[in-house]
Amino acid sequence: MLQQLFAPVIDLVYPPCCPTCGEGIAQHGALCQDCWSELVIPGEPQCASCQRPFGNEQVPEGAICAPCLADPPRHAGIHAATLYTDGARSLVLAFKHGHRIALAGLLARLMLARLPVLEGDWLVVPVPLHRRRLWQRGFNQSALLGREIVRVRRHGLLVDGLLRLRATPPLGELGRRERAKVMKGAIVANPRRAGQIAGAQVLLVDDVMTSGATTNACVDALLKAGAAKVRIACFSRVLDEAL
Ligand SMILES: [Zn+2]
Ligand SMILES: [Zn+2]
């Protein structure tokens, strides 16, 4: 309300521009036409287990992708707003490096568009940052997205449901086994939140889901703490065929 009232003043001081490329646009909190068109929304058909898009393949209803068949996931589904293309990457970088207030809402809206209505009580838990990283950046980007999501969906929010005990090196260079090894014991459920996690349906929120090693560690920690099931919502998902 107040924001609308002052919108003309704000626009005069900071003319709305695309947070990714800087192009002038009509309204704050949006993207320019070009940057929109660079986002790729994962399409159907998709894996019934992890929602990985099959592309143009002809697959029967309820088909499961090869990675899920090889290693059945412990999560109850992955809902990604976008695939991790250059466009999504620029947007995430802009979000982490300054435009967080405008972009948290936009990114969360895109995530909500892909997130089915979840029946019953759900608890939103962000992927945790190590406290040193949190201190450097000043905010946990996944927690900001989680906060925007609960504004719309009215789920519970538990920003400190998970703790990252160890800072972990970038996982990009590592193979699947090594990544799992590095993540082992790095993330645990917060013992002070045990009562809330036990028996809860949890929506784990991540900004970019890369190899799945981090989210798997989170899912394991939540299930170990007694969560009934864990779904994952992320803004962008790297399809790991190449990994
Ligand atoms: Zn743009
Ligand atoms: Zn799958």
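What comes next concerns the included structure. Values in this document were obtained by computation on a predicted structure and should not be read as measured data.

Right, let's get into the coordination of the zinc ion (ligand 2). By definition of the ideal shapes, four donors in a tetrahedron about a metal sit 109.5 degrees apart, and six donors in an octahedron sit 90 or 180 degrees apart. Taken together, the protein ligands of the zinc ion (ligand 2) are Cys-47 (SG), Cys-50 (SG), Cys-65 (SG) and Cys-68 (SG), with distances of 2.3 Å. Geometry at the zinc ion (ligand 2) is tetrahedral, judged from its 4 donor atoms and the angles of 102 to 115 degrees they form at the metal. Each donor residue of the zinc ion (ligand 2) belongs to the same chain, and together they define the spacing C-x2-C-x14-C-x2-C. Residue Cys-47 is found in the loop between helix H2 (33-37) and helix H3 (66-70), and its partner Cys-65 is found in the loop between H2 and H3; the two are separated by 18 residues along the sequence. Each of the two residues, Cys-47 as well as Cys-65, counts as buried.

Looking now at the pairing of strand S1 (residues 78-83). The side chains of a regular strand alternate between the sheet's two faces. A large share of S1 lies buried, amounting to 6 of its 6 residues. Bridge count for S1 against strand S7 (residues 229-237) is 5 bridges, and the pairing is parallel. Note that in S7 the partner of Thr-82 across the bridge is Ser-236.

To continue, consider the packing of helix H5 (residues 100-114) against helix H7 (residues 141-153). At their nearest, the axes of H5 and H7 sit 9 Å apart, and the two run at 55 degrees to each other. When the interaxial angle is binned, H5 and H7 end up oblique. Where H5 crosses over H7, the two elements pack in a sense that is right-handed. For the pair H5 and H7, the contacting residues are Arg-100, Ala-104, Gly-105, Leu-107, Ala-108, Met-111 and Leu-112 in the first and Leu-144, Leu-145, Glu-148, Ile-149, Val-152 and Arg-153 in the second. Per-class residue counts for the contact of H5 with H7 are 9 nonpolar, 1 polar and 3 charged.

What follows deals with the coordination of the zinc ion (ligand 1). In the first shell of the zinc ion (ligand 1), the protein supplies Cys-18 (SG), Cys-21 (SG), Cys-32 (SG) and Cys-35 (SG), at 2.3 Å from the metal. Classification of the site at the zinc ion (ligand 1) rests on its 4 donor atoms, whose angles at the metal span 105 to 117 degrees, yielding the label tetrahedral. Mapping the donors of the zinc ion (ligand 1) onto the primary sequence gives the spacing C-x2-C-x10-C-x2-C. In this pair, Cys-21 sits in the loop between helix H1 (2-13) and H2 while Cys-35 sits in helix H2, placing the two residues 14 residues apart along the sequence. The exposure class of Cys-35 is buried, given its relative accessible area of 11%.

Our next topic: the pattern of salt bridges. According to the stated counting rule, one finds 5 salt bridges in the structure shown. For Asp-207, the salt bridge identified is with Lys-96, shortest N-O distance 3.3 Å. In this pair, Asp-207 sits in strand S6 (residues 201-209) while Lys-96 sits in helix H4 (residues 86-96), placing the two residues 111 residues apart along the sequence. Take Asp-207 and Lys-96: they sit in the same class, and that class is buried. Between Glu-148 and Arg-151 there is a salt bridge; the shortest N-O distance is 3.4 Å. Of the two residues, Glu-148 and Arg-151 both sit in helix H7, 3 residues apart, roughly one turn of that helix.

Cut-off values and rules
Residues numbered from 1 in each chain as written. Chains lettered and ligands numbered in written order. Predicted model: local features only at pLDDT ≥ 70, side-chain atom pairs only at ≥ 80, totals over all residues. Heavy atoms only, no water. Donors = N, O, S within 2.8 Å, 3.2 Å for Na, K, Ca; no water. Tetrahedral: all angles 85-135°; square planar, octahedral: opposite > 155°, others 65-115°. Helix = DSSP H or I, 4+ residues; strand = E, 2+ residues; numbered from the N terminus. Buried < 20%, exposed > 50% of the residue type's maximum accessible area, 1.4 Å probe, protein only. Pairing = 2+ DSSP bridges. Axes fitted to C-alpha atoms, helices over the stretch in contact; angles between N-to-C directions. Parallel < 35°, antiparallel > 145°, perpendicular 65-115°, else oblique. Left-handed = near helix turned anticlockwise from the far one by under 90°. Contact = heavy atoms within 4.5 Å. Nonpolar A, V, L, I, M, F, W, Y, C, P; charged D, E, K, R; others polar. Salt bridge = Lys/Arg side-chain N within 4 Å of Asp/Glu carboxyl O.

Distances and angles like these do not, on their own, reveal function.
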